[in-house]
Amino acid sequence: MASLKDIAKACGVSTATVSKALNDQSDISQATKEKVKQVAKELGYRPNLAAKALKTKRSQNIGVLFVDDNRSGLTHDYFADVLDNFKKTVEEKGYDITFINCSKTGPNTMSYLEHVRSKGFDGVAIACINFDSPEVKELVDSDIPVVTVDYVFNNVSAVLSNNAQGMTELMEYILDKGHTKVAYIHGAASAVTNNRLSAFHRTALLRGIEVPEEYILEAPYRDIKSVYSKTKMLLELPDPPTCILFPDDFSGIGGLNAIREKGLRIPDDISVAGYDGIKISHYLEPQLTTYSQNTAMIGHELGRKLIDHIENPKTTLVENLSVTGHVREGRSVKDLLKQNI
């Protein structure tokens, strides 16, 4: 296997220059870095991770804490995309990822913090969990670098999808189509839900629209059956809404089923919109109007920020990074203003 000396000889530079180039140090020109990396690739060079770990006192391994109460695991489109882009980002920097064992059965169970210490993880990304758990708080309060997704603690950095802005933009889009009777089936209580719900009510208030209490219902995220049931309730109201917002695109399938079961057409008879922008929303008929969260940027920022905390603990600020998405227009929201022209 090629060594640093082999690369240095092929490039006509010193081994110190090769080492600096491979580690992206700033005192080496970009041209030299690219040349060294290309030669290293051609020679089949592989870094000695064990030696690097001894030198840097890092394992080059990051733990991921992911527990989904709905048991959808990595079929959960939003978090799957976030973690995929997180994985790409940290791997480009030479780190591996390992999921933290969340099983609480058997004789050798450990707390999250004990597991992290036993594996020597350099840091932890928390993407989905019960953030009120004492074990999570123990981990967050430790000296282990931690970055969370869509949840804010005072002492660790967080990467957040801007849920308030997202709901505001989605509501404004719908209201601009002339809808004044908009219902919202929101997800279960969480910081994400609270921000979206507040933005929903605030946008309606600023536009002078009163939302009846019966237009606001709750159903768990990604729960098709519950959204089916709540959609039926809205359709059976004496004065039903002209547009229904679903908690997320996936659970919205239940709402679409309830609407079609009642013999109504989308968007001719009633309009609908989702949230997330997952792949399945592209293929629903009619194509679902939704708010598309920027999972690529969320995952990238999660990886970048966590590595900053690992490699530069004295200079990296604890901060909340907000990532915006965009309304993706489908064919599920009718323009009520055009029909009145």
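As shown above, the structure is provided for reference.
Since the model is a prediction, treat every value here as computed from it, not as a measurement.

Colleague: What am I meant to see in the pattern of salt bridges here?
Modeller: Between side chains of opposite charge, a pair can form as their charged atoms come close. For the structure shown, the criterion picks out 17 salt bridges. Between D77 and R222 there is a salt bridge; the shortest N-O distance is 3.0 Å. Here the residue D77 occupies a position in helix 5 (residues 77-92), and R222 occupies one in the loop between strand 7 (216-218) and helix 10 (224-235), the gap between them amounting to 145 residues. On the accessibility criterion, R222 (15% relative accessible area) is buried. Among the ionic contacts, a cluster of salt bridges with common partners joins K177, E329 and D335.

Colleague: Is there a simple way to think about the packing of aromatic side chains in this case?
Modeller: Between two aromatic rings, the relevant description is the distance of the centres plus the angle of the planes. Tallying each qualifying case throughout the model produces seven aromatic pairs. Here the aromatic rings of Y184 and F200 are separated by 5.2 Å at their centres, their planes lie at 35°, and the arrangement is tilted. Pair noted here: Y184 is in strand 6 (residues 182-186) and F200 is in helix 9 (residues 191-206), with a separation of 16 residues, a long-range link. A relative accessible area of 0% places F200 in the buried class. The aromatic ring of Y275 is capped on one face by R196, whose charged end is 3.8 Å from the ring centroid. The ring of F250 has R222 sitting right over it, with the charged end atom 4.3 Å from the ring centre.

Colleague: Is there a simple way to think about the nonpolar core in this case?
Modeller: A general feature of soluble globular proteins is that nonpolar side chains tend to end up buried together. Residues I62, F86 and L302 are the most contacted members of the largest nonpolar core, which totals 23 residues. Looking at this core, the elements that each hand over two or more residues are strand 1 (61-66), helix 5, strand 3 (123-128), strand 4 (146-149), helix 13 (295-311) and strand 11 (320-323). At six residues, helix 5 tops the list of elements feeding residues into this core. Ignoring sequence-local partners within four residues, the contact set of L302 consists of V82, F86, A125, V147, T148, V149 and V159. Judged by nonpolar contacts, the second largest core, of 20 residues, contains L170, M171, L197 and I209.

Colleague: Explain the environment of F153 here, please?
Modeller: Mapped onto the secondary structure, F153 falls in the loop between strand 4 and strand 5 (157-161). Ignoring anything within four residues of it in the chain, the contact list for F153 reads F131, V136, K137, V140 and T148.

Colleague: Where do I start with the pairing of strand 1 in this structure?
Modeller: Among the six residues in strand 1, six count as buried, and that is most of the element. Burial along strand 1 is two-sided: the face carrying N61, G63 and L65 and the face carrying I62, V64 and F66 are both buried. By the bridge criterion, four bridges tie strand 1 to strand 2 (residues 96-99) in an arrangement that is parallel. What sits directly across from N61, in strand 2, is D96. Both strand 1 and strand 3 contribute to a ladder of five bridges, which runs parallel. Considered in strand 3, the bridge of V64 is made with A125.

Colleague: How should the environment of S3 be read in this particular structure?
Modeller: Tracing the sequence through the fold places S3 in the segment before helix 1 (4-11). The class of S3 is partly exposed, set by a relative accessible area of 29%. Along the backbone, S3 and Y45 are 42 residues apart, and their C-alpha atoms lie at a distance of 6.6 Å.

Colleague: Whenever I open this one, the sheet that holds strand 6 confuses me. Can you help?
Modeller: Overall, parallel pairing links the four strands, which are arranged 7-6-8-9 in an open sheet. Each end of this open sheet is capped by a strand with a single partner; those strands are strand 7 and strand 9 (271-273). Shown here is a sheet whose adjacent strand axes are inclined to one another by a mean of 20°, direction ignored. Alignment of strand 6 against strand 7, held across three bridges, turns out to be parallel. Residue pairing across strands places H186 opposite E218, the latter belonging to strand 7.

Colleague: Please clarify how unusual backbone geometry should be interpreted in this entry.
Modeller: Excluding glycine, most residues fall at negative phi; most peptide bonds, likewise, are trans. Across the junction of I266 and P267, the peptide omega takes the value 0°, indicating a cis bond. Relative to the helices and strands, P267 is located in the loop between helix 11 (252-261) and strand 9. Between E285 and P286 the backbone carries a cis peptide bond, its omega angle lying at -5°. Relative to the assigned elements, P286 resides in the loop between helix 12 (280-283) and strand 10 (290-292). The backbone of Q60 shows a phi angle near 60°, a positive value even though the residue is not glycine. By the secondary structure assignment, Q60 is in the loop between helix 4 (49-56) and strand 1. You will see that D276, though not glycine, has its phi angle at about 130°, which is positive. Within the fold, D276 resides in the loop between strand 9 and helix 12. Note on D276: relative accessible area 12%, which makes it buried.

About the criteria used
Residues numbered from 1 in each chain as written. Predicted model: local features only at pLDDT ≥ 70, side-chain atom pairs only at ≥ 80, totals over all residues. Heavy atoms only, no water. Salt bridge = Lys/Arg side-chain N within 4 Å of Asp/Glu carboxyl O. Helix = DSSP H or I, 4+ residues; strand = E, 2+ residues; numbered from the N terminus. Buried < 20%, exposed > 50% of the residue type's maximum accessible area, 1.4 Å probe, protein only. Phe/Tyr/Trp six-rings, centres within 6.5 Å; stacked < 30°, edge-to-face > 60°. Lys NZ or Arg CZ within 6 Å of the ring centre and 35° of its normal. Core = buried A, V, L, I, M, F, W, Y, C linked by side-chain atoms within 4.5 Å. Contact = heavy atoms within 4.5 Å. Pairing = 2+ DSSP bridges. Axes fitted to C-alpha atoms, helices over the stretch in contact; angles between N-to-C directions.

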